[in-house]
Number of protein chains: 2
Amino acid sequence: MQFTPHTRIRRSPFFEATVSAGAAGFTTYNHMLLPAGYGDPEGEYWRLRRGVSMWDVAAQRQVELRGPDAGKLAQILAPRDLSRCAAGQGKYVALCNHAGALINDPIALKLDDDTYWFSIADSNILFWARAIAAERRLDAAVTEPDVSPLAVQGPQAAEVIAALFGEWTRGMKYFHFRRADLDRMPLLLARSGWSKQGGFEIYLLDRAHGMRLWNTVAEAGAAWDIAAGSPNANERIESGLLSWGGDTDDATNPFEVRLGKFVDLDFDGADEVVGIDALRRIRRDGPARHQLGVILDGDAPAPPHPLWYDITVDGRKVGDMTCGIWSYRLARNIGFGLVARDMTAGMRVEVVKGDARIGATLTVLPFA
Amino acid sequence: MQFTPHTRIRRSPFFEATVSAGAAGFTTYNHMLLPAGYGDPEGEYWRLRRGVSMWDVAAQRQVELRGPDAGKLAQILAPRDLSRCAAGQGKYVALCNHAGALINDPIALKLDDDTYWFSIADSNILFWARAIAAERRLDAAVTEPDVSPLAVQGPQAAEVIAALFGEWTRGMKYFHFRRADLDRMPLLLARSGWSKQGGFEIYLLDRAHGMRLWNTVAEAGAAWDIAAGSPNANERIESGLLSWGGDTDDATNPFEVRLGKFVDLDFDGADEVVGIDALRRIRRDGPARHQLGVILDGDAPAPPHPLWYDITVDGRKVGDMTCGIWSYRLARNIGFGLVARDMTAGMRVEVVKGDARIGATLTVLPFA
């Protein structure tokens, strides 16, 4: 499918570099082009699993809260106790609306007492945070700063990062970050990324250096055969990572999609948090749906899933298959099911793709 | 540029029909695929100007406000006096945030006293309206209903619509709408659309009928040589229609982009409207920038504008060229400039495209 450019859809500071590197497809994410592959899905998958891959994830925009009430605002937006979050630390948070529905699942980064970032998935948290801040008359400016993450992911990512920034980086804790400098480019270095293969994200703080940062990382990584990749559907589905907006609908709450462990409801100040009453109610009653893995029968690779498909039992709909991909590791077509809570791992179901009905088995996530 | 499908990016109920009709490119708009052309830009332009064209604009999503406080909420969100808006009437509104920056420019449709829709441009008003409604404790449910507009645009649109729905449609006033029925498909018919060539929008109220509605319109329009088109950059730029997010940035206010005439600041209840203080201040002081047409020197067609380009005078930046297209009618490359307010029509400027500097003249909008 051909994409028609428009000024509404922004370009990453790494855009030209990704085109030069052979980006074969793009998606849009937060009104920005996001490379979605370089023409060799299996090679990109195994590089991520066994080596090291570099990704333009500038589309993972930052929403900055800054001012005397920034911490208060961050806490009002996130149903997770942030009181012990240190400067230089990030926490995965399930932002919810007043009905307790998940509206984004960013990393909240605390830069200092007066400055927080949400490193967001693909929904508009800039408008949301501004609305809440203004309506509650908080003294916190909400902006989208000039920050563009470049991810370095895979088991050998630590080698590349150590070569670039020094041996100290091997000691960084997960979701921690700090200011760093590379050849006078202003950066934050974080131990994070949207895979379960380990890695780092380099937050570029001045888009003018996009091409130079890309090339610097590519050169340092050459010894480990680094190459361009992108957020990898095969790996993230095997690993059970959520894609907000892909695996969620307008009513999905965090308990339905395995984010309950990141939700705190009973800390000091929790009563101010957006959605807290609804979330407490859902926790008490239990969510209507939950998320399980789906393993389709058959061992011939099917194309990726552009749509949700019904999951049925005896012709009765019991849920939706929200994503689907060929697993190179399991050699099966797999995906996520958002299914009624009486559906459990091991049950047999059918996935309805148009006129086809494909037998499948439910399983726990992540895939074994 | 190849687009990679993802479940985050939804499909219109007309999607299969537009593919069959030869859609040659897509963009994304409100997390939905929006056809952006059928391979013959000039033919599509002249069909819109001289005949009749049909567009899948399902991506123009509706945000529904429903409940006892729906009218109050609509008025709080829109800085325009809606007190005399009748059921069945629409009004173009400039939604602003608390700083007076434009966050969307929808048509507000009043269905009845308890039900309003915003027929939105490409930004997330669902979250925004929910935040304001909840924070102000209003009794209004905010949802995205199953509503998918199909536009019929061009000087002969009235013929096609009369053939489909009856002669009464010729008397419809601009931005008015009513329930209509076509072969048992539930619809609203509105006199509206994102062109200045006249036309209608058929709001399909049940996505299951997408293919049938498309085919019904195509068959009725055949006598007038109707064909698939899309929101037309050439025509909308010539006509001076704003593209939110394309021609605006995070700080653009309605006075900067010629929407001041749709802004009311001094009616009963205005004090409750989001952004009213900021808008009153901007009106008093005058906006920092304003929008003018830009006519580039030279008469060779240039490709469309995927990026903003600097507008300079004597090497000093005075604004941005936010869109650009070849005008078939004027046989010149034209676009919009968002420029400092001391820049006026008739002035000579330069447009900086990478290493190239192209002479240009500022002019009033719409283009003569």
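All of these numbers come straight from a predicted model, not from anything done at the bench.

**Points about the pairing of strand β2 (residues 32–37) of chain A**
Looking along a regular strand, one sees side chains alternate from face to face of the sheet.
All names here are of chain A.
At step 1: Across the six residues of β2, five count as buried, placing the element largely inside the fold.
At step 2: When strand β1 (residues 25–29) meets β2, the two strands line up antiparallel, connected through five bridges. Directly across from T27, in β2, lies its bridge partner L34.
At step 3: In sequence, β1 turns back onto β2 through a hairpin of two residues, with N30 there showing a positive phi of about 50 degrees.

**A word on the packing of helix α3 (residues 70–77) of chain B against helix α4 (residues 125–135) of chain B**
All names here are of chain B.
At step 1: The geometry of α3 relative to α4 is characterised by a closest axis approach of 11 Å and an angle of 115 degrees between their N-to-C directions. The pairing of α3 with α4 is recorded here as roughly perpendicular in orientation. Classified by chirality, the crossing of α4 by α3 is right-handed. Residue-level inspection shows L73, I76 and L77 of α3 in contact with α4, the latter providing W128, A129, I132 and A133.
At step 2: Classifying every residue of the contact of α3 with α4 gives seven nonpolar, no polar and no charged.

**Some words on the relation of the copies chain B and chain A**
Note on the chain copies: they are related by a rotation about an axis and a translation along it.
At step 1: Overlaying chain B with chain A gives an RMSD of 0.0 Å, the required rotation being 180 degrees about an axis along which the chain moves by 0.0 Å. What the superposition gives is, in effect, a two-fold axis relating one chain to the other.
At step 2: By residue overlap, the copies meet face to face through one surface: 100% of the interface positions of chain B are interface positions in chain A.

**A word on the packing of helix α4 (residues 125–135) of chain A against α4 of chain B**
At step 1: Here α4 of chain A crosses α4 of chain B at 20 degrees, and the two axes come no closer than 9 Å. Classified by the angle between their axes, α4 of chain A and α4 of chain B sit roughly parallel to one another. In this structure, α4 of chain A crosses over α4 of chain B, and the sense of that crossing is right-handed. Residues F127, W128, A131, I132 and E135 of chain A of α4 of chain A form the contact with α4 of chain B, whose participating residues are F127, W128, A131, I132 and E135 of chain B.
At step 2: Split by residue class, the contact of α4 of chain A with α4 of chain B holds eight nonpolar, no polar and two charged.

**Quick notes on the packing of aromatic side chains**
Residues and elements named next belong to chain B.
At step 1: Under the criterion given, the structure shown has 19 aromatic pairs over all chains.
At step 2: Judged by centre distance (6.3 Å) and plane angle (40 degrees), the ring pair of F14 and W214 falls under tilted. With F14 in the segment before α1 (15–20) and W214 in helix α6 (residues 210–221), this pair connects stretches of sequence that are 200 residues apart.
At step 3: With a centroid separation of 5.7 Å and 40 degrees between ring planes, the pair formed by F15 and F26 is classed as tilted. With a gap of eleven residues between them, F15 in helix α1 and F26 in strand β1 (residues 25–29) connect regions that are remote in the sequence.

**Quick word on the sheet that holds strand β18 (residues 316–327) of chain A**
All names here are of chain A.
At step 1: What the six strands build is a closed barrel, ordered β16-β19-β18-β17-β20-β21; its pairing is antiparallel. For this sheet, the mean angle separating the axes of adjacent strands, direction not counted, is 40 degrees.
At step 2: Bridge count between strand β16 (residues 289–296) and strand β19 (residues 332–340): seven bridges; the pairing is antiparallel. Bridge pairing in β19 links G293 to F336.

Cut-off values and rules
- Residues numbered from 1 in each chain as written.
- Chains lettered and ligands numbered in written order.
- Predicted model: local features only at pLDDT ≥ 70, side-chain atom pairs only at ≥ 80, totals over all residues.
- Heavy atoms only, no water.
- Buried < 20%, exposed > 50% of the residue type's maximum accessible area, 1.4 Å probe, protein only.
- Helix = DSSP H or I, 4+ residues; strand = E, 2+ residues; numbered from the N terminus.
- Pairing = 2+ DSSP bridges.
- Axes fitted to C-alpha atoms, helices over the stretch in contact; angles between N-to-C directions.
- Parallel < 35°, antiparallel > 145°, perpendicular 65-115°, else oblique.
- Left-handed = near helix turned anticlockwise from the far one by under 90°.
- Contact = heavy atoms within 4.5 Å.
- Nonpolar A, V, L, I, M, F, W, Y, C, P; charged D, E, K, R; others polar.
- Least-squares fit on C-alpha atoms with pLDDT ≥ 70 in both.
- Phe/Tyr/Trp six-rings, centres within 6.5 Å; stacked < 30°, edge-to-face > 60°.

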